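Fold and geometry: a report
One letter stands for each residue in the lines below.
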2 protein chains.
Amino acid sequence: MRNEKLLKTALGLLPKLIYKDVSPINMTETQYLSKGDSIIIDFGDHQVGRLAFDLKSVGSHADAPAFLKIHFAEREIELYENPAEYKGWISASWIEEEQIHVDVIPSRVSLERRYSFRYVKIEVIDISDKFKLYLDNVVCTSESSADDSKLVPLNSDNQLHKDLDRVAIKTLHDCMQLVFEDGPKRDRRLWIGDLRMQALANYETYRNYDLVKECLYLLGALTNNEERVGACIFLEPEPEVDDTFMFDYSLFFINTLLDYYKQTGDVQAVNDLWHVCKRQIELAKENLDENYVVRDSDKLGWCFVDWNLMLNKQASAQGIFLYALEAAIELAQITGDVMAEEEYAQDYLKLKSAANSFLFDEEKKLYVSGADRQVSYASQVWMILGGAVEGNGAVKLIERLRQEESALTMVTPYMFHNFVEALIMIGEKDQALKEMEEYWGGMLKEGADTFWELYNPKNPNESPYGGTIVNSYCHAWSCGPTYFLRKYFCN
Amino acid sequence: MRNEKLLKTALGLLPKLIYKDVSPINMTETQYLSKGDSIIIDFGDHQVGRLAFDLKSVGSHADAPAFLKIHFAEREIELYENPAEYKGWISASWIEEEQIHVDVIPSRVSLERRYSFRYVKIEVIDISDKFKLYLDNVVCTSESSADDSKLVPLNSDNQLHKDLDRVAIKTLHDCMQLVFEDGPKRDRRLWIGDLRMQALANYETYRNYDLVKECLYLLGALTNNEERVGACIFLEPEPEVDDTFMFDYSLFFINTLLDYYKQTGDVQAVNDLWHVCKRQIELAKENLDENYVVRDSDKLGWCFVDWNLMLNKQASAQGIFLYALEAAIELAQITGDVMAEEEYAQDYLKLKSAANSFLFDEEKKLYVSGADRQVSYASQVWMILGGAVEGNGAVKLIERLRQEESALTMVTPYMFHNFVEALIMIGEKDQALKEMEEYWGGMLKEGADTFWELYNPKNPNESPYGGTIVNSYCHAWSCGPTYFLRKYFCN
């Protein structure tokens, strides 16, 4: 489905990108490059932008093209992997490496594509032996729709908090492009799971409300045949929804809209997009069994929750449905849709009751998921965020969870974000802060300029894709610390 | 040295390129391309130009860039060599292979660089498995400064001659760019050795006199500190002479100017460039010993003659100096430089006498070269072209040469051209025609669309560079057949 009215509104909100020329802070010492030589250029911080340099020569007039390999890396470690040997399951086309020929020397070399990087390795694959090359006037023209002049400083003297805030903001900044991208290296597009968190961080920092509105209207305008909100949206060659649909992601549209309304009071947007929210609830209800329990599925990716193939998603999905219904009830009040409000309130009670009847293990006193009654952090977190358990019950649930050695842990900053949010929600702010400081602080210790898509404290250089060269080390769903710090801790 | 006046004249003569869109005649049958698939596109004839195509997809919206390898080949055989395995001594940067990422699909892909090719292999290095690719509207925008509307048909019904003429003209056509290039694949610049032959072929076909004039003025304008004419000229980033200087190539400037004058009667050009000719003679004379014999040298590349590292160049150089002096005497007459005319006439006699005294083996009755008294085709050919031996003496010389099994043979079409020219000069037109038909006809049998830089009838796919992928299969110095046929045989 394509709602032209919503799409027109969305496209009218496309931001202007802000460009900034950045020079390297350091280049390796090799002055003149012959065949096989290479140079590593360090821009000092993470950049999203386009590279240009003067390619000059000493010796005879260049009598053959220069054949260069250019490898961009968000972390230096990526430079020590050989892209030619990458055999992972994600497409190698994401590896930010180019081979180019430069016919005219000297000349200005301007790479057309946008890259996400701090380091650039330039290797001379071949030139003739009549000349040597050197680089001059190396510049990255960085681009973002985030306006740094709008930023207010963090109200804190704690160096760790300042660092967490700075790196989280840089992560957000570099993902703020024509839409909120998930990662500027990969996949470079609007994913609703990331959007929800980016919007929250944005409200505490850049306050670019129009960018959130644009993304909501895009997601609302471009749905599948059933009017289901897609997991992500492509902008080019023209705006289109992906054919990936996930139970949780479609529902997050509702929460993201409510968050936006709370910041802006934009009733018009709520009215424009209310039918989209209602349809998502309708579609989600088709997944309920006769007991109001979300049916489990073995279809890969039916519900995202976390990047963990072992994780059973059923209980999380139940919690997320509750979480979305709560938001939908508020939105129904805003739009004055009394019928819907009443319906969702009843649905909410039935789902909550079902969660506590059918997805709660009375012996372990933990929520369980799937036929194998799996215990996981994700399930408890979402039951808390969805309000299936509250107050002291929730505090005790987390205590029991921490004792339960079999509990499946979290693998992404995305799921950690939800965990921290749940801890704050139940009043455990100290625990929340400690978790955040340890987890995101761990990335800082690894030298992160931006927060990563994936972080396993026990194996920081792990890649589930088969190589760090396809990992995304600037990933929007990791930008939570600035939101948490500014909203809950440093105000 | 940089003579701004001559340079200005040269640059004022830069031709406009003529562009022509060419579609493929054939594409391999694979319709939809997944990771690892490839397609071979055949444009039906040799092209020099730029490639563009629509890259489209079926399946889901492309969710990762397309990573393509594009290999251009003048002969199909090049496609079956792996550029990554090329280890030859010439720079791999000449291999016409690109790796590109296409971020937006569908989109029009237009490669920036100019390539020389008939075949294009496009291989999908990687894409995601959510879509397949296909190509549409594949076009080569070919470019040349040769105007086919100026061509007159060959006056012949002999199919072999028609084919030789056609392929020679195509070779010339594709090398006629902003200058007469040696080869549009490699080295893509003005070399005087090629220019002399291209100009001769051009006079019988396109008659683009201005392009010859431009090249002569470039060579005359840009010389080394001693005012020596360079072996080749670069146009970009600005016109500059290479630091390669060869005894024979510098002297050919004189013959090329005389040939040009004979076609055009352009006395102004002769007057403008006469000082350049005189200086080349002066410099060449510095290489003479006390007996008026060109001193031999073991400096690699001091004199080109032929692409054969075994060849001793001394006797050829003596013949070439004679050949240039003859032209210089005629030019001196045209400019009215009586002093020079007299001087060169005396020089000519001394060099001729020296050739027959010191470089002629009285026993073998063949010219010999170097301390080892090497016998080669090149030495005899250049002594004939230089007039050291004439008439029946020259006919007998060739007869003895053909009997001499130790005689070093020729390896390039360039040297074969001089051989054919020498046979015609001594009245052996039948032999000349037969040699031409066999040698260039051999390339036709191998399916040549254009004539090659190198051709060994005994090993047609030989590459002295370590791989056919760096051979130049459209090379100006091979365009002789159209000149010979039209000037001497089909008129």
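This is a predicted model, so every value here is computed, not measured.

What counts and what doesn't
Residues numbered from 1 in each chain as written. Chains lettered and ligands numbered in written order. Predicted model: local features only at pLDDT ≥ 70, side-chain atom pairs only at ≥ 80, totals over all residues. Heavy atoms only, no water. Helix = DSSP H or I, 4+ residues; strand = E, 2+ residues; numbered from the N terminus. Buried < 20%, exposed > 50% of the residue type's maximum accessible area, 1.4 Å probe, protein only. Polar contact = N/O pair within 3.5 Å; in protein donor to acceptor, adjacent residues only side chain to side chain. Contact = heavy atoms within 4.5 Å. Least-squares fit on C-alpha atoms with pLDDT ≥ 70 in both. Patch = residues over 30% accessible without salt bridge, like charges linked within 9 Å, V, L, I, M, F, W, Y side chains within 5 Å. Areas by Shrake-Rupley, 256 points an atom, 1.4 Å probe, with all protein chains shown as cover. Salt bridge = Lys/Arg side-chain N within 4 Å of Asp/Glu carboxyl O. Pairing = 2+ DSSP bridges. Phe/Tyr/Trp six-rings, centres within 6.5 Å; stacked < 30°, edge-to-face > 60°. Buried area = accessible area lost by both parts, 1.4 Å probe. Nonpolar A, V, L, I, M, F, W, Y, C, P; charged D, E, K, R; others polar. Axes fitted to C-alpha atoms, helices over the stretch in contact; angles between N-to-C directions. Parallel < 35°, antiparallel > 145°, perpendicular 65-115°, else oblique. UniProt positions renumbered as here; feature names shortened; annotations may be inferred. Domains from an automatic or database assignment. Disulfide = S-S within 2.5 Å. Left-handed = near helix turned anticlockwise from the far one by under 90°.

Re the side chain of Arg118(A)
Residue and element names in this part refer to chain A. Its location among the elements puts arginine 118 in strand 7 (residues 115-126). Its relative accessible area of 13% is what places arginine 118 among the buried residues. Looking at arginine 118, its side chain comes within polar contact range of the side chain of aspartate 42, at 2.7 Å. Excluding anything up to four places from it in sequence, arginine 118 contacts Ile25, Ile41, Asp42, Phe43, Gly44, Asp45, His46, Ala73, Glu74 and Asp449.

Brief notes about the relation of the copies chain A and chain B
Overlaying chain A with chain B gives an RMSD of 0.0 Å, the required rotation being 180° about an axis along which the chain moves by 0.0 Å. This pairing of chains is accounted for by a two-fold axis. No C-alpha of chain A approaches the rotation axis more nearly than that of Gln99(A), which lies at 3.0 Å. Both copies share a contact surface, since 100% of the interface residues of chain A are interface residues in chain B too.

Overview of a nonpolar patch on the surface
On the surface, Trp89(A), Leu300(A), Trp307(A) and Leu309(A) cluster together into a nonpolar patch covering about 550 Å² of accessible area. A relative accessible area of 34% means that Trp307(A) is categorised as partly exposed.

Regarding the sheet that holds strand 9 (residues 190-191) of chain B
The three strands are arranged 9-10-11 (chain B) in an open sheet whose pairing can be described as antiparallel. If you trace the sheet from one side to the other, it starts and ends with strand 9 and strand 11 (240-241) of chain B, each paired once.

Looking at the pairing of strand 7 (residues 115-126) of chain B
All names here are of chain B. Burial of strand 7 is extensive: nine of the 12 residues sit out of reach of the surface. Alignment of strand 4 (residues 66-73) against strand 7, held across seven bridges, turns out to be antiparallel. Residue leucine 68 lies in a different strand from strand 7, and its bridge partner there is valine 124.

As for the packing of aromatic side chains
Residue and element names in this part refer to chain A. Within this structure, the stated rule accounts for 64 aromatic pairs over all chains. Considering the side-chain rings of phenylalanine 252 and tyrosine 323, the 6.2 Å spacing of their centres and the 80° angle between planes classify their relative orientation as edge-to-face. Remark: tyrosine 323 occurs in helix 7 (residues 314-335) and phenylalanine 252 occurs in helix 5 (residues 247-264); sequence separation between them is 71 residues. Phenylalanine 252 gets classed as buried once you look at its relative accessible area, which sits at 0%. Tyrosine 323 gets classed as buried once you look at its relative accessible area, which sits at 15%.

Here we look at helix 9 (residues 377-385) of chain B
Residue and element names in this part refer to chain B. Judged by how many residues are buried, helix 9 sits mostly within the fold: nine of nine residues are covered. Taken together, the buried positions of helix 9 are occupied by Tyr377, Ala378, Ser379, Gln380, Val381, Trp382, Met383, Ile384 and Leu385. Directly after helix 9, the chain includes glycine 387, whose backbone phi takes a positive value near 85°.

Topic: the interface of chain A and chain B
With 36 residues of chain A at the contact, the number on the chain B side is 36 residues. Together, the buried faces of chain A and chain B total about 2,900 Å²; carbon and sulfur atoms form 49% of this surface. Linking chain A with chain B are eight salt bridges. With its nearest N and O atoms 2.8 Å apart, the salt bridge here joins Asp243(A) to Lys130(B). Applying the counting criterion to the chain A and chain B interface returns 24 residue pairs in polar contact (both at pLDDT 80 or more). Mapped onto the side of chain A that touches chain B, the elements with two or more residues apiece are strand 4 (66-73) and strand 5 (97-102) of chain A. For the side of chain A that touches chain B, the residue count by class is 14 nonpolar, eight polar and 14 charged.

A word on the packing of helix 9 (residues 377-385) of chain A against helix 10 (residues 391-403) of chain A
Helix-helix packing: each pair is described by the crossing angle between the helix axes and the interaxial distance. All names here are of chain A. Across the interface, helix 9 lies against helix 10 with an axial gap of 11 Å and an inter-helix angle of 175°. Here helix 9 is positioned roughly antiparallel relative to helix 10, judged by the angle of their axes. Two secondary-structure elements touch here, helix 9 through Tyr377, Gln380 and Ile384 and helix 10 through Ala394, Leu397, Ile398, Leu401 and Arg402. A class-by-class count of the residues in the contact of helix 9 with helix 10 yields six nonpolar, one polar and one charged.

Describing the UniProt feature "domain: Alpha-L-rhamnosidase six-hairpin glycosidase" (unreviewed entry) in chain A
The positions that UniProt labels "domain: Alpha-L-rhamnosidase six-hairpin glycosidase" (unreviewed entry) are, in the present scheme, residues 154-487 of chain A. Taken end to end, residues 154-487 of chain A has its terminal C-alpha atoms 11 Å apart, with 55% of it in helix and 3% in strand.

Remarks on the domain arrangement of chain A
Residues and elements named next belong to chain A. Taken domain by domain, chain A holds domain 1 (19-144) and domain 2 (151-489). Just the C-alpha atoms count here: the centres of domain 1 and domain 2 sit 37 Å apart. With 26 residues of domain 1 at the interface, the matching set in domain 2 holds 30 residues. Counting the surface lost from both domain 1 and domain 2, the interface buries some 2,500 Å², and carbon and sulfur atoms represent 53% of this. In terms of surface lost to domain 2, no three residues of domain 1 exceed Arg75, Trp94 and Arg114, which account for 28% of the buried area on that side.

Comments concerning the state of the cysteines
Residue and element names in this part refer to chain A. For the coordinates displayed, the defined rule picks out zero disulfides over all chains. Lacking any disulfide linkage, cysteine 303 is separated from the closest cysteine sulfur, that of cysteine 232, by 16 Å. No disulfide involves cysteine 490; its sulfur sits 16 Å from that of cysteine 479, the nearest cysteine. The exposure class of cysteine 490 is buried, given its relative accessible area of 9%.

Structural notes on the packing of helix 11 (residues 413-425) of chain B against helix 12 (residues 429-445) of chain B
Residue and element names in this part refer to chain B. In the contact formed by helix 11 and helix 12, the axes pass within 7 Å of each other and the chain directions differ by 160°. Taken together, helix 11 and helix 12 sit at an angle that is classed as roughly antiparallel. Of the two elements, helix 11 crosses helix 12, and the hand of that crossing is left-handed. Between helix 11, through Pro413, Phe416, His417, Phe419, Val420, Leu423 and Ile424, and helix 12, the contact on the second element is made entirely by Lys429, Gln431, Ala432, Glu435, Met436, Tyr439, Trp440 and Met443. Tallied by class, residues from the contact of helix 11 with helix 12 come to 11 nonpolar, two polar and two charged.

Quick word on the environment of Ala146(B)
All names here are of chain B. Examined against the element boundaries, alanine 146 turns out to sit in the loop between strand 8 (131-144) and helix 2 (159-175). For alanine 146, a relative accessible area of 4% gives the class buried. The spacing of alanine 146 and aspartate 63 is 83 residues in sequence and 45 Å in space, taken between C-alpha atoms. Leave out the neighbours within four places in its chain, and alanine 146 touches Ile18, His173, Met176 and Tyr206.

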